[in-house]
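An overview of the molecular structure
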Amino acid sequence: MKTSECYLPEGSYTALPEVRQALASLDGLRRAQDENRILEAVAQRCTPAHDLLFDLGCARGIMPRSCCALGVAEGDTREIAILSRVGKPTCFTITDIDESGETPLVWLSRTIPQQRAQDHLLETLRPGDVIPAAVTHLENFGAFVDIGCGVASLIGIENLSVSRIFHPSDRLRVGQHICAVVRSVDPDARRISLTHRELLGTWAQNAAMFSPGETVRGVVRSVEPYGVFIELAPNLSGLAEARDDLAPGMVVSVYIKSILPQRMKIKLTVIDVLAPSGEPEPPQYFVTDGHIDEWVYTPACCDRKYIATVFE
């Protein structure tokens with residue numbers, strides 16, 4: 001994926017050997033300050049003044065409110081951006097170390113690595129680049145993700161998959177690390193928008209995973225008077241005959257009657273209703289790195305609806 005090892009989604013730094021080594025001693029913290037290195041630790045608590053506190057083992061970390069998130073000092077970012085860091089890995093650089101007391105105090109800034117990451121991403125990313133991201137929260141209209149040091153980006157619900165869903169939680173969960181594709185870069189608004197469905201395969205790639213005569217698991221996504229749309233994979237659905245006992249979200253077993261590429265259609269028969277599966281399954285990616293210029297979902301032999309994305 002196109003990214004810099006310096007600017008990863010939060011939660012990715014903790015496992016890095018150089019970060020562990022830096023947090024292991026006061027000498028390591030001093031070196032990290034001199035090198036302006038990005039470190040990461042779990043925020044332990046938030047004070048009434050909305051400063052974040054960290055236990056760094058050999059020292060106590062303090063992140064002042066104004067250094068907790070881009071836009072907080074200017075009033076453009078809500079306080080929940082600070083409160084919600086408690087209990088979560090949070091990246092930072094060290095701005096000062098006070099060794100005058102019994103326990104050293106280390107002053108931290110999250111806004112410095114965030115600003116560096118945002119500047120780097122806006123300068124280097126182009127539409128079609130595949131990047132790593134971590135899901136931070138879900139709204140009805142889409143999924144917010146961290147694309148580096150807590151820099152936020154949005155994947156609209158319509159861009160999560162070809163198969164329609166009612167809520168992003170049908171597809172993703174908070175804390176999940178995923179791949180995404182850059183849709184657009186707006187340096188003036190300092191905004192990067194993403195998409196996801198182009199990494200989940202074309203109709204033909206998904207249909208190749210199934211064969212007529214098989215019975216497989218599926219999820220009911222839509223119930224219409226003329227039939228029931230059942231998702232076999234995030235980018236592939238089939239149609240079964242209408243039934244009154246089915247509702248969106250139900251898990252079912254289905255018999256595959258036929259697969260028709262020329263009509264981009266899969267005919268199904270519902271066999272049984274299954275127990276709910278709980279968490280959404282991790283996405284199966286057909287692309288995980290590099291760059292995409294164009295993605296064509298519709299089979300070449302199909303004269304029905306043409307689905308494609310051109311990145312420019």
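For the structure itself, look to the data block above.
So, a few notes on the structure that sits alongside this text. (Residues numbered from 1 in each chain as written. Predicted model: local features only at pLDDT ≥ 70, side-chain atom pairs only at ≥ 80, totals over all residues. Heavy atoms only, no water.)

**Concerning the packing of aromatic side chains**
Under the convention used in this document: Pairing of aromatic side chains here covers Phe, Tyr and the six-membered ring of Trp, requires ring centres within 6.5 Å, and sorts the geometry by plane angle: under 30 degrees stacked, over 60 edge-to-face, intermediate tilted. With a 1.4 Å probe rolled over the protein chains alone, any residue whose accessible area is under 20% of its type maximum counts as buried; one over 50% counts as exposed, and the rest are partly exposed.
Applying the stated rule across the entire model yields four aromatic pairs. Arranged with centres 5.9 Å apart and planes meeting at 85°, the rings of Phe141 and Phe144 form a pair that is edge-to-face. On the accessibility criterion, Phe144 (21% relative accessible area) is partly exposed. Their ring planes at 45° and their centres at 5.7 Å tell us that Trp295 and Tyr297 sit as a pair that is tilted.

**Focus on the side chain of Glu40**
The condition is simple: Only DSSP runs of H or I with at least four residues qualify as helices, and only runs of E with at least two residues qualify as strands; both kinds are numbered from the N terminus onward. Only four residue types enter the tally: Lys and Arg on the positive side, Asp and Glu on the negative side, with His and both chain ends excluded. Any Lys or Arg side-chain nitrogen found within 4 Å of a carboxyl oxygen on Asp or Glu counts as a salt bridge. We call two N or O atoms a polar contact when they sit within 3.5 Å, provided that within protein one can donate a hydrogen and the other can accept it, with sequence-adjacent residues counted only if both atoms are side-chain atoms. The contact criterion used is simple: two residues touch if any of their non-hydrogen atoms lie within 4.5 Å.
In this fold, Glu40 is placed in strand 1 (residues 39-46). Nearest to the buried, unbridged Glu40 among oppositely charged side chains is Arg85, at 6.5 Å. Polar side-chain contacts of Glu40 include one of 3.2 Å to the backbone nitrogen of Tyr13. At 2.6 Å, the side chain of Glu40 and the side chain of Thr14 are in polar contact. For Glu40, the residues in contact, after removing those within four places along its chain, are Glu10, Gly11, Ser12, Tyr13, Thr14, Val19, Leu23, Pro89, Thr90, Cys91 and Phe92.

**Focus: the nonpolar core**
Defined as follows: Residues belong to a common nonpolar core when they are buried Ala, Val, Leu, Ile, Met, Phe, Trp, Tyr or Cys residues joined through side-chain atoms within 4.5 Å.
Counting 50 residues, the largest nonpolar core has Leu29, Ile94, Ile147 and Leu194 as the members making the most contacts within it. For Ile94, the contacting residues outside a window of four places in its chain are Leu29, Ala32, Gln33, Leu39, Val106, Trp107 and Leu108.

**Brief notes about helix 2 (residues 26-34)**
The condition is simple: The reported arc concerns the directions from the helix axis to the C-beta atoms and nothing else.
Within the sequence span of helix 2, burial applies to Leu26, Gly28, Leu29 and Ala32. Summarising the axial view, the buried residues of helix 2 lie within an arc of 155°, below the 170-degree limit, and thus occupy one face. In the stretch just after helix 2, Asn36 is the one whose phi turns positive, near 55°.

**Quick notes on the pairing of strand 13 (residues 236-240)**
A regular strand places its side chains on the two faces of the sheet in alternate fashion. Formally: Two strands qualify as a pair provided that DSSP identifies no fewer than 2 bridges between them.
Of the two faces of strand 13, only the one carrying Leu236, Gly238 and Ala240 is buried; Ser237 and Leu239 on the other face are not. Across five bridges, strand 12 (residues 227-233) lies against strand 13 in antiparallel orientation. Counted as the bridge partner of Phe229 is Leu239 from strand 13. Between the end of strand 12 and the start of strand 13, which pair antiparallel, lie two residues. Both strand 13 and strand 15 (residues 265-274) contribute to a ladder of two bridges, which runs parallel. When the sheet's bridge partners are listed, Ala240 is paired in strand 15 with Leu268.

**A word on the state of the cysteines**
Stated formally: The criterion for a disulfide is a pair of cysteine sulfur atoms lying within 2.5 Å.
In the structure shown here, the tally under the stated rule is zero disulfides. Note on Cys91: no disulfide assigned, nearest cysteine sulfur contributed by Cys149 at a separation of 4.1 Å. The cysteine Cys302 is free of any disulfide, with Cys301 supplying the nearest cysteine sulfur at 6.5 Å.

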